[in-house]
Amino acid sequence: MAADRALSPSSGGAPARVVDAEGYLREAAALVECYLDRVLPAPGGHIPRLAEAVRYSALGGGKRLRPALALGAAEACGGARDVALPVAAAVEMIHTYSLIHDDLPAMDDDFRRGRPTSHKVFGEALAILAGDALLTQAFEVLAADGAVPPERRTAIVREVAAAGGPAGLVGGQVADLEGEGRDLTLPELEFIHARKTGALILASVRGGAIAAGASAARLGALSEYARRTGLCFQIVDDLLDVEGDPAATGKGTGRDSTKRKATFPAIFGIDASRQRAAELVEEALAAIADFGPEADPLRALARFVGRRDR
Ligand code: GRG
């Protein structure tokens, strides 16, 4: 995909740092996978089958968007990428747990990241436990991060826990299941998206920013950026469920209509949904318009989210 040539106010209108979103995602993936490889249960180890199941899902592909957002947010606040690596790893671990559980027969699917889902390979019991292991160990990773001062660490743990809990991912998933087969209003749909998908994206950005010592003003602007990007991400996800290529997305299509799920495309149609996604990208960019070139990775990632095909 083409690189994004971002303009920022601090660059006086001249082309700022050119950030290629795909390249940034690749770098984030390499960094976070190296980190995960170190912290996850070692192959073999005490309970080899659990290590295998955890590693199968956590090291088995994925865009690594949430880690990239965490690293990009740290950079946007003048920090080094490395300062946000534990946050990046923890949010990816929680994301991966949520995918494993979301794919279980009680909830969803057979294919994920282009491969059979965890329960197809390891059985339901081990898939549930591999998810539990990732969720729990994510907090160990955050708590053990000695490079970040304790008060920032506590704030990050709180952000990430809130994103994963009843007011975030889990609550959003329950609301989503309850909404199947019903007509939902726009506020109801946005309520679900903000929790099921948006909360962890928000925590990725805020967590990375907090690790880098963000000011309250920067954190506020970045939160706005993350909310818009998160909603855009889910609208595009719903569009990909209608018109995506399974070879690119690595999962099935048409699942939302089979379940009679209320989605943006189902309610407003394809064109209006695309239009809303494009508006949200612009709103995300506007939220961080006062940032300089240090926020160009986040700008490139927001544009990627709006146009992604995987
Ligand atoms: C606690 C039993 C139990 C279940 C909870 C929390 C949960 C299950 C599900 C969360 C909801 C969920 C899976 C939302 C999905 C959001 C989404 C669009 C995921 C796909 O993200 P991508 O495209 O995936 O970033 P990759 O594979 O690229 O990482």
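In what follows, the structure referred to is the one given above.
Residues numbered from 1 in each chain as written. Predicted model: local features only at pLDDT ≥ 70, side-chain atom pairs only at ≥ 80, totals over all residues. Heavy atoms only, no water.

Caption draft 1: Summary view of a nonpolar patch on the surface. Together, Leu186, Ile267 and Phe268 give the surface a local cluster of nonpolar side chains, amounting to about 230 Å² of exposed area. Classification of Ile267 by relative accessible area gives partly exposed; the value is 35%. (Patch = residues over 30% accessible without salt bridge, like charges linked within 9 Å, V, L, I, M, F, W, Y side chains within 5 Å. Areas by Shrake-Rupley, 256 points an atom, 1.4 Å probe, with all protein chains shown as cover. Salt bridge = Lys/Arg side-chain N within 4 Å of Asp/Glu carboxyl O. Buried < 20%, exposed > 50% of the residue type's maximum accessible area, 1.4 Å probe, protein only.)

Caption draft 2: Molecular detail of the packing of helix H3 (residues 65-76) against helix H15 (residues 296-307). Where H3 meets H15, the closest approach of the two axes is 8 Å, and the angle between their N-to-C directions is 150°. One finds that H3 runs roughly antiparallel with respect to H15. In this structure, H3 contributes Leu65, Ala68, Leu69, Gly72, Ala73, Glu75 and Ala76 to the contact, and H15 contributes Pro297, Leu298, Leu301 and Val305. Residues of the contact of H3 with H15, tallied by class, amount to nine nonpolar, one polar and one charged. (Axes fitted to C-alpha atoms, helices over the stretch in contact; angles between N-to-C directions. Helix = DSSP H or I, 4+ residues; strand = E, 2+ residues; numbered from the N terminus. Parallel < 35°, antiparallel > 145°, perpendicular 65-115°, else oblique. Contact = heavy atoms within 4.5 Å. Nonpolar A, V, L, I, M, F, W, Y, C, P; charged D, E, K, R; others polar.)

Caption draft 3: Representation of the site of the ligand in the model. The local shell around the ligand holds 19 residues, among which Lys63, Arg66, His95, Arg113 and Gln173 are the closest. Within the side chain of Lys63, one N or O atom sits 2.5 Å away from an oxygen atom of the ligand. In the environment of the ligand, an oxygen atom lies 2.8 Å from a nitrogen or oxygen atom belonging to the side chain of Arg66. When the ligand is considered free in solution it has 740 Å² of accessible area, and contact with the protein chains removes 87% of it. (Near = heavy atom within 4 Å. Polar contact = N/O pair within 3.5 Å; in protein donor to acceptor, adjacent residues only side chain to side chain.)

Caption draft 4: Inspection of the nonpolar core at higher detail. Ranked by size, the top nonpolar core spans 89 residues in total, and within it Leu69, Leu134, Ile156, Leu222, Tyr225, Leu298 and Leu301 carry the most contacts. Considering each element in turn, this core owes the most residues, twelve residues, to helix H10 (residues 216-243). Leave out the neighbours within four places in its chain, and Leu301 touches Ala21, Tyr24, Leu25, Leu65, Ala68, Leu69 and Tyr225. (Core = buried A, V, L, I, M, F, W, Y, C linked by side-chain atoms within 4.5 Å.)

Caption draft 5: Examining helix H7 (residues 150-164) more closely. A rise of 1.5 Å per residue sets the reference length of H7, with its 15 residues, at 21 Å; its end C-alpha atoms lie 21 Å apart and thus fit the reference within 8%. Buried within H7 we find Ile156, Glu159, Val160, Ala163 and Gly164. Looking down the long axis of H7, one finds its buried residues gathered within 125° of arc, a one-sided arrangement. Facing away from the buried side of H7 by over 90 degrees, the exposed positions are Pro150, Glu151, Thr154 and Arg158. For H7, the secondary structure elements touched by its buried residues are helix H4 (85-103), helix H6 (124-143), helix H8 (169-179) and helix H9 (186-211). (Expected span 1.5 Å × (residues − 1). Arc of directions from axis to C-beta.)

Read these as layout, nothing more, since geometry by itself doesn't imply function.
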